[in-house]
Amino acid sequence: MFERFTKDARTVVVCAQEEARALGHGRIDPGHLLLGIAAQEQAPGAATLARFGATAEVLRSAVAASKSPAGPFDEEDAEVLRTLGIDLTAVRDRAEQVFGPGALDAPPPAAAPEEQGGGGLLRGRKGGTPHIPFDRAARKALEQSLRAAVERKDRAIGTEHVLLGILDARDGAAADVLGRLGTDPETVRAALLTDLAAAA
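Here's what I pulled together on the structure shown here. (Residues numbered from 1 in each chain as written. Predicted model: local features only at pLDDT ≥ 70, side-chain atom pairs only at ≥ 80, totals over all residues. Heavy atoms only, no water.)

What to know about the side chain of Asp 29
- Along the polypeptide, Asp 29 turns up in the loop between helix H1 (7–23) and helix H2 (30–39).
- Note on Asp 29: relative accessible area 3%, which makes it buried.
- One polar contact links the side chain of Asp 29 to the main-chain amide nitrogen of Gly 31, over a distance of 2.7 Å. (Helix = DSSP H or I, 4+ residues; strand = E, 2+ residues; numbered from the N terminus. Buried < 20%, exposed > 50% of the residue type's maximum accessible area, 1.4 Å probe, protein only. Polar contact = N/O pair within 3.5 Å; in protein donor to acceptor, adjacent residues only side chain to side chain.)

Following this line, the structure appears as structure tokens:
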């Protein structure tokens, strides 16, 4: 599927991974993809996001806030741990008592090359930085971007299709990030379709 991505759309994916790494998140979710789109200011969809106040800087803060207090754990992880009697908020509070405020906010250190490649949250790449995997919702959003391109009869998957995929996937992370900005996926989707029609 990635062979059909435009250069800008590929840059969105790379940027999403870099942002997830910089924020210390163990998985790339749709919020990181939104951030990747907003960072491509000249690409289709970025201007639509900017009209809703979703610039790269604002989205970075919203994505970081959407991951608190669980950090790299998503709500699904937190729920599983709750069934085992583990409260992530209590763990974070205790860690901050012992190690100081923000102790769990720093990105994890990159593994040495000889330690990479063994699986876990950060699967290593030979001689490079650790690979951060997509979560289920981000994979679904990327699959939806292919569907969006097919529906629009476009030959390649561009940033506009990635944005449509995120908005159509009905993911909680993207809705949460957009909600923090006072909007929702349906409103942004309608504005994007209007922008695309006007540009055609």
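Details of the pattern of salt bridges
- With the rule as written, the count across this model stands at 5 salt bridges.
- The salt bridge involving Glu 19 is made with Arg 60; its shortest N-O contact spans 2.8 Å. Taken together, the positions of Glu 19 in helix H1 and Arg 60 in helix H4 (residues 56–66) put the pair 41 residues apart, joining distant regions of the chain.
- A residue is classified by how much of its surface remains accessible, and Arg 60, at 30% relative accessible area, is partly exposed.
- The shortest N-O distance in the salt bridge between Arg 189 and Asp 168 comes to 2.4 Å. Here Arg 189, found in helix H10 (residues 185–199), pairs with Asp 168, found in helix H8 (residues 159–168); they are 21 residues apart in sequence, far enough to count as distant. (Salt bridge = Lys/Arg side-chain N within 4 Å of Asp/Glu carboxyl O.)

With respect to a nonpolar patch on the surface
- A contiguous nonpolar surface patch, about 350 Å² in accessible area, is contributed by Val 80, Leu 84, Ile 86 and Val 91.
- Tracing the backbone through its elements, the reader meets Ile 86 in the loop between helix H5 (75–83) and helix H6 (88–99).
- Residue class for Ile 86 comes out partly exposed when judged on its relative accessible area of 36%. (Patch = residues over 30% accessible without salt bridge, like charges linked within 9 Å, V, L, I, M, F, W, Y side chains within 5 Å. Areas by Shrake-Rupley, 256 points an atom, 1.4 Å probe, with all protein chains shown as cover.)

Details of the environment of Glu 143
- Looking at the element boundaries, Glu 143 is found in helix H7 (residues 136–151).
- On a C-alpha basis, the gap between Glu 143 and Gly 165 in space is 7.1 Å, while along the polypeptide they are 22 residues apart.

Considering unusual backbone geometry
- A positive phi angle is found at Lys 153, which is not glycine, with a value near 60 degrees.
- Examined against the element boundaries, Lys 153 turns out to sit in the loop between H7 and H8.

Digging into the nonpolar core
- Core analysis: the biggest nonpolar cluster contains 39 residues, and Leu 33, Leu 34, Leu 49, Val 162 and Ile 166 have the highest contact counts within it.
- Contributions of two or more residues to this core are made by H1, H2, H4, H7, H8, helix H9 (172–180) and H10.
- When residues of this core are assigned to their parent elements, the largest contribution, 6 residues, is made by H1.
- In this structure, Ile 166 is in contact with Pro 30, Leu 33, Leu 34, Ile 37, Ala 141 and Ala 174, ignoring residues within four places of it in sequence. (Core = buried A, V, L, I, M, F, W, Y, C linked by side-chain atoms within 4.5 Å. Contact = heavy atoms within 4.5 Å.)

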